[in-house]
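Here is what each chain is made of, one letter per residue.
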Amino acid sequence: MDALQMLENALEAPQQALAVLGLAVALAGLLYLLFDAIRYRSIPELNVPITEQEASEQLQGAELYTPTTQLPKDKIPCYDPSSMQFLGYAKAMSPAEVREVIAEAKEAAQVWRSSSFGQRRRLLKVLLKYIIAHQQEICRVSARDSGKTPLEAVLGEIVVTAEKLSWLIKEGEAALKPRQRGAGVMAFYKSARVEFIPVGVVGAIVPWNWPFHNIINPISAAVMAGNAIVVKVSEHSSWSIAYYGRIVEAALAAAGAPLGLVRFVTGYGDAGHALVTGGVDKVVFVGSTEVGKKVMAAAADRLTPVTLELGGKDAFVVCEDADLNQVVPIAIKAAFLNCGQNCASGERFIVQRKVYGKFCERVTEVAKSMRQGPTLGAGPMDAGAMCMPGSVQKVQRLIDDAVAKGATVLAGGKPGPANWHPQQQQQQQSQAAAAAPAAAAVAVAENGGAVPPPSPARLTRRSAAAAAAAAGGSSDGSSSSSVGQFYPPTVITGVTKEMDLYYEEAFGPVMTVIPFDTDDEAVAIANDCPFGLGSSVFSGSKRRARAIASRLEAGMSSINDFNATYMCQGLPFGGVKQSGFGRFAGVEGLRALCVPKAVAEDAWPFMKTSIPPLWQHPVGPAAAPFAVALTTMFYGPSIGTKLAGLVGVLKAVTGVGMASSSGGSSKAKSKAC
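Residues numbered from 1 in each chain as written. Predicted model: local features only at pLDDT ≥ 70, side-chain atom pairs only at ≥ 80, totals over all residues. Heavy atoms only, no water.

I would appreciate a short explanation of the sheet that holds strand β5 (residues 201–205) in the present structure.
Pairing between the strands of a sheet is mediated by backbone hydrogen bonds and can be parallel or antiparallel. In space, the 6 strands of this open sheet follow the order β7-β6-β5-β8-β9-β19, with mixed pairing throughout. Two strands close off the open sheet at either side, each with one partner strand: β7 (262–265) and β19 (580–581). In the sheet, strand β8 (residues 282–286) pairs with strand β9 (residues 306–309) via 4 bridges, with the strands oriented parallel. Bridge assignment links Val286 to a residue of β9, and that residue is Glu309. Its contacts with the sheet put helix α3 (residues 95–112) on β5, β6 (228–232) and β7, and the angle it makes with β6 is roughly 155 degrees. Here helix α10 (residues 289–300) sits on the sheet and contacts β8, β9 and β19; the angle it forms with β9, its principal contact strand, is near 175 degrees. (Pairing = 2+ DSSP bridges. Helix = DSSP H or I, 4+ residues; strand = E, 2+ residues; numbered from the N terminus. Contact = heavy atoms within 4.5 Å. Axes fitted to C-alpha atoms, helices over the stretch in contact; angles between N-to-C directions.)

How should I be thinking about the sheet that holds strand β3 (residues 179–181) in this particular structure?
Taken together, 3 strands build an open sheet; the order of strands is β3-β4-β20 and the sheet is antiparallel. Both outer strands of the open sheet, β3 and β20 (594–602), are each paired with one neighbouring strand and no more. The sheet shows a mean angle of 30 degrees between the axes of neighbouring strands, direction not considered. The pairing of strand β4 (residues 190–198) with β20 spans 9 bridges and is antiparallel. Bridge pairing in β20 links Val194 to Ala598.

Honestly, the packing of aromatic side chains in this entry has me stumped. Any pointers?
Two measures describe an aromatic ring pair: the distance that separates the ring centres and the angle between the ring planes. Under the counting rule described, the total for this entry stands at 17 aromatic pairs. Judged by centre distance (6.4 Å) and plane angle (50 degrees), the ring pair of Phe634 and Tyr635 falls under tilted. Classification of Phe634 by relative accessible area gives buried; the value is 19%. Tyr635 gets classed as partly exposed once you look at its relative accessible area, which sits at 46%. Ring-pair connections join several aromatic residues into one group, and the members of that group are Tyr65, Tyr79, Phe86 and Tyr89. A cation over an aromatic ring shows up here: Lys129 above the ring of Tyr40, its NZ or CZ 4.1 Å from the ring centre. (Phe/Tyr/Trp six-rings, centres within 6.5 Å; stacked < 30°, edge-to-face > 60°. Buried < 20%, exposed > 50% of the residue type's maximum accessible area, 1.4 Å probe, protein only. Lys NZ or Arg CZ within 6 Å of the ring centre and 35° of its normal.)

In this structure, what is going on with the UniProt feature "active site" (unreviewed entry) in the protein? I would like to understand it.
In the numbering used here, UniProt assigns the "active site" (unreviewed entry) feature to Glu309. Apart from residues no more than four positions distant in its own chain, Glu309 is found in contact with Phe285, Val286, Gly287, Cys343, Leu533, Phe573, Ser579 and Phe584. (UniProt positions renumbered as here; feature names shortened; annotations may be inferred.)

This is the structure:
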């Protein structure tokens with residue numbers, strides 16, 4: 001019985017140990033959850049007011065806006081590019097007002113540069129908490145201001161912004177802490193390091209394609225680096241800054257940051273010029289190559305450092321061994337996300353000839369099935385509107401030129417109602433019927449009647465057809481977008497170097513498909529481009545994909561994916577050639593907002609720098625030989641040369657061999673006299 005009892009006890013012991021271990025793990029888990037809940041609640045909640053216009057899914061009774069080139073100087077008309085509904089005016093700030101804003105930011109920068117990393121992280125955590133809790137509001141405002149779909153807004157405004165903030169919170173401090181460097185050979189007794197000092201005030205000029213992300217991206221990096229920042233938003237997406245600005249102001253207050261730490265500028269080109277030349281300490285510009293060159297020229301007068309993230313015409317290489325089931329959906333997103341209005345959109349799809357036909361067939365089928373229309377209140381949409389006035393005409397010019405010179409359009413190619421969502425068609429019909437009397441009045445005016453024509457920038461309840469003509473379509477309904485600046489997802493083949501589309505950035509929903517036979521040919525086609533921002537390579541062989549990507553002239557490459565480098569916020573973002581220079585994002589981008597200051601000091605208290613007696617003035621005949629010998633001793637490429645240098649040092653110090661040389665010199669001088 002004793003042996004049996006001992007056996008039972010031995011069997012029960014592991015079970016008891018496991019039970020205790022399980023209880024300990026459960027308790028630790030509960031404690032962690034409790035700690036996490038306390039930590040989350042310690043992050044302040046923001047109470048940001050939102051207007052009815054910002055909160056409504058649909059705007060009732062809003063007037064239609066007709067874009068015009070004759071804009072008022074002191075205000076910016078704002079409208080929804082997918083419905084052409086007028087949203088109001090934003091202030092067009094004068095250059096003097098911009099300089100005042102910069103001066104306020106400079107005062108805040110003096111305070112914030114001494115802030116702790118803990119306070120900086122707290123500010124970013126406050127922003128992140130609000131963003132996650134208010135995704136729908138942020139995306140709705142973005143969709144209304146820029147014409148994108150709600151899904152596109154989540155992907156481009158929320159996901160990448162959350163990733164950016166998360167990376168800065170976790171790794172920002174480590175990237176900005178002083179970094180030890182090797183002191184070298186002769187200065188072995190020194191401690192060398194690089195300190196990253198805030199530049200002061202960052203001036204950022206951002207585009208309209210992602211209204212929320214484009215402001216939070218530079219703001220978060222600038223404040224994490226200890227800077228103040230002034231952001232000039234695009235005149236084509238100035239309505240949303242009212243809400244987004246309130247979010248930032250509330251976050252600054254909650255984190256105890258100076259209110260002037262982040263300031264916004266709305267206005268036209270003169271406001272942007274004033275920002276560049278008004279005394280900021282660093283300029284970050286995101287936009288077209290043409291304007292980027294002007295920014296660089298304006299910054300040159302004060303030698304203000306500039307980061308330029310400019311145009312792109314990214315290559316998307318598909319090898320014959322790639323998985324088309326994976327590639328096709330990614331290619332559709334690469335070309336048509338946000339109607340192709342992305343600096344790193346895929347524009348040139350370079351496909352190996354063996355799978356070229358299948359690829360074209362499959363992407364064409366998807367492109368033709370995509371629904372396009374007003375992005376809010378009309379049901380789910382696959383594509384929204386072109387945000388910037390004139391974009392539809394620009395894309396059409398490129399397509400028409402290509403077709404006239406022999407290219408073939410497989411899908412899209414003309415703005416029209418073919419892909420409209422059914423709810424949109426009903427909405428356009430009712431709007432046209434309700435606006436018929438106003439349209440008649442407009443027609444009378446155009447025919448020389450007594451009714452005066454609308455003044456520039458005047459709001460009119462025009463018919464859907466009239467609005468279409470103003471937005472870039474035609475009034476006959478056959479090739480117009482009726483209401484909204486729409487251009488359909490377009491697939492085009494047979495594009496050659498003689499066509500404008502081959503080299504010019506489309507910045508629209510255009511997929512150009514080009515065949516290739518060999519990997520060398522694919523690389524040559526990809527590199528035959530003035531731009532070099534991003535790139536993608538798809539192959540069943542990672543080795544092959546890497547080999548192709550390594551030869552592409554681009555600032556970024558994604559292997560078997562598209563733009564994955566931007567989701568990895570630890571990586572730098574930027575390009576080569578006409579796509580600009582400098583980087584934002586990642587360690588490199590964060591440090592680019594600082595002055596890298598070199599610091600050297602004595603490593604040990606018992607060793608310090610002193611000038612050797614032989615080098616102290618007035619110097620004697622052994623000074624130069626001592627320097628030569630010392631250099632040989634430290635840097636000689638072999639032990640023998642180092643020993644020879646050591647012997648020379650000893651001779652110079654002891655004076656051995658120096659007297660004869662000195663005496664000879666004296667005799668020579670006497671003889672010369």
